[in-house]
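# Descriptive structure summary
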Amino acid sequence: MPIVTKAVADIEKHMWPQWLPWYVCNLIHWLATGNSVVRIKYRWAFNLRQRLTKGQMITDIKEKYATLRIYGSFCSEIDEIIKQAVRACNETCQECGCKGAVDRVYAGWVYNLCARCSRKISDDE
Ligand SMILES: [Zn+2]
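Just so it is clear, the structure is predicted and the values come from calculations on it, not from any experiment. (Residues numbered from 1 in each chain as written. Predicted model: local features only at pLDDT ≥ 70, side-chain atom pairs only at ≥ 80, totals over all residues.)

## Some words on the overall build of the protein
Here is the rule: Secondary structure follows DSSP: runs of H or I at least 4 residues long count as helices, runs of E at least 2 residues long count as strands, and numbering of each begins at the N terminus. The atom set for the radius of gyration is the C-alpha atoms, and the globule formula is 2.2 Å times the number of residues raised to the power 0.38. With C-beta atoms placed from the backbone, a residue counts as buried when 20 or more other C-beta atoms lie within 10 Å of its own, as exposed when 12 or fewer do, and as partly exposed for counts between those limits. Contacts here follow a simple rule: the backbone-placed C-beta atoms of the two residues must lie within 7 Å.
On a plain count of helices and strands, the protein comes out with 5 helices and 4 strands. For the protein, the N- to C-terminal ordering of α and β elements is α-α-α-β-β-α-β-β-α. Its C-alpha atoms give the protein a radius of gyration of 18 Å, clearly above 14 Å, the size a compact globule of 125 residues would have. Taking the principal axes of its C-alpha atoms as reference, the protein extends roughly 55 × 25 × 20 Å. Relative to its 125 residues, the protein shows a buried fraction of 18%. Contacts in the protein between residues at least 24 apart in sequence constitute 30% of all its contacts with a sequence separation of at least 6.

## So, unusual backbone geometry
Most peptide bonds take the trans form, and the phi angle of most residues other than glycine is negative. Residues other than glycine seldom take positive phi values, yet Asn35 does so here, at roughly 60°. With respect to the helices and strands, the residue Asn35 is situated in the loop between helix 2 (22–33) and helix 3 (43–53). The phi dihedral of Ala66 is positive, around 65°, even though this residue is not glycine. Along the chain, Ala66 turns up in the loop between strand 1 (57–64) and strand 2 (67–73).

## Describing the domain arrangement of the protein
Worth spelling out the cut-off: As annotated, the domain borders come from an automatic or database domain assignment.
The domain architecture assigned to the protein consists of domain 1 (2–90) and domain 2 (95–125). Look at where the C-alpha atoms of domain 1 and domain 2 centre, and you get two points 30 Å apart.

## Some points on the nonpolar core
Defined as follows: What makes a nonpolar core is a set of buried Ala, Val, Leu, Ile, Met, Phe, Trp, Tyr and Cys residues, with links drawn between C-beta atoms within 7 Å.
Core analysis: the biggest nonpolar cluster contains 10 residues, these being Ala7, Ile11, Met15, Trp16, Leu68, Ile70, Phe74, Ile78, Ile82 and Ala85. Listing elements by their share of this core, those giving two or more residues are helix 1 (2–15), strand 2 and helix 4 (76–90). Apart from residues lying up to four places away in sequence, Ala7 is in contact with Ile70, Ile81, Ile82 and Ala85. Val102, Tyr111, Leu113 and Cys117 belong to the second largest nonpolar core, which has 7 residues in total.

## Considering the environment of His29
With respect to the helices and strands, the residue His29 is situated in helix 2. Between the C-alpha atom of His29 and that of Lys41, which follows or precedes it by 12 residues, the distance is 9.6 Å.

## Comments concerning the pairing of strand 3 (residues 102–106)
Put simply, the rule is: Whether two strands pair comes down to DSSP finding at least two bridges between them.
Here strand 3 pairs with strand 4 (residues 110–114) via 5 bridges, running antiparallel. Pairing of Asp103 across the sheet is with Leu113, part of strand 4.

## A short note on the packing of helix 1 against helix 4
Rules: Lines fitted to the C-alpha atoms define the axes, with helices restricted to the stretch that makes contact. Angles between their N-to-C directions range from 0 to 180 degrees. Any angle that falls under 35 degrees is termed roughly parallel, while one over 145 is termed roughly antiparallel, one within 65 to 115 roughly perpendicular, and all others oblique. Lys, Arg, Asp and Glu make up the charged group, whereas Ala, Val, Leu, Ile, Met, Phe, Trp, Tyr, Cys and Pro make up the nonpolar group; the residues left over, Gly among them, are polar.
In contact at an axis separation of 10 Å, helix 1 and helix 4 are set at 175° when each is read in the N-to-C sense. In terms of orientation, helix 1 and helix 4 fall into the roughly antiparallel class. Along its contact with helix 1, which presents Ile3, Val4, Ala7, Asp10, Ile11, His14 and Met15, the element helix 4 presents Glu77, Ile78, Ile81, Ile82, Ala85, Ala88 and Cys89. Partitioned by chemical class, the residues of the contact of helix 1 with helix 4 number 11 nonpolar, 1 polar and 2 charged.

In structure tokens, the structure reads:
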């Protein structure tokens, strides 16, 4: 899903200080968390990561009732990035990726679909 990938990249960019090279951010993040949201790998690296990002971290990304959810603690700028990504997702057909005229369709699960894709799904049933 390119909207989510782009949103996460934007969030990461905002989270870390601009002067820090990207590979250093990645390295610190890995040393801090082992790229997992549930554990701390090295406490010193975790503390450093918290200081550099002002404690900002994505803790979970999921889809709930056809709505994108990005959980974590963020500054207001990042909250705005998330809000825009959620809006973009709501306006995008999750089947074919077309924009506009997308409706919420309930077919066992909640989908955001354009008219053509929602017809396809109801034909399958
Ligand atoms: Zn579609």
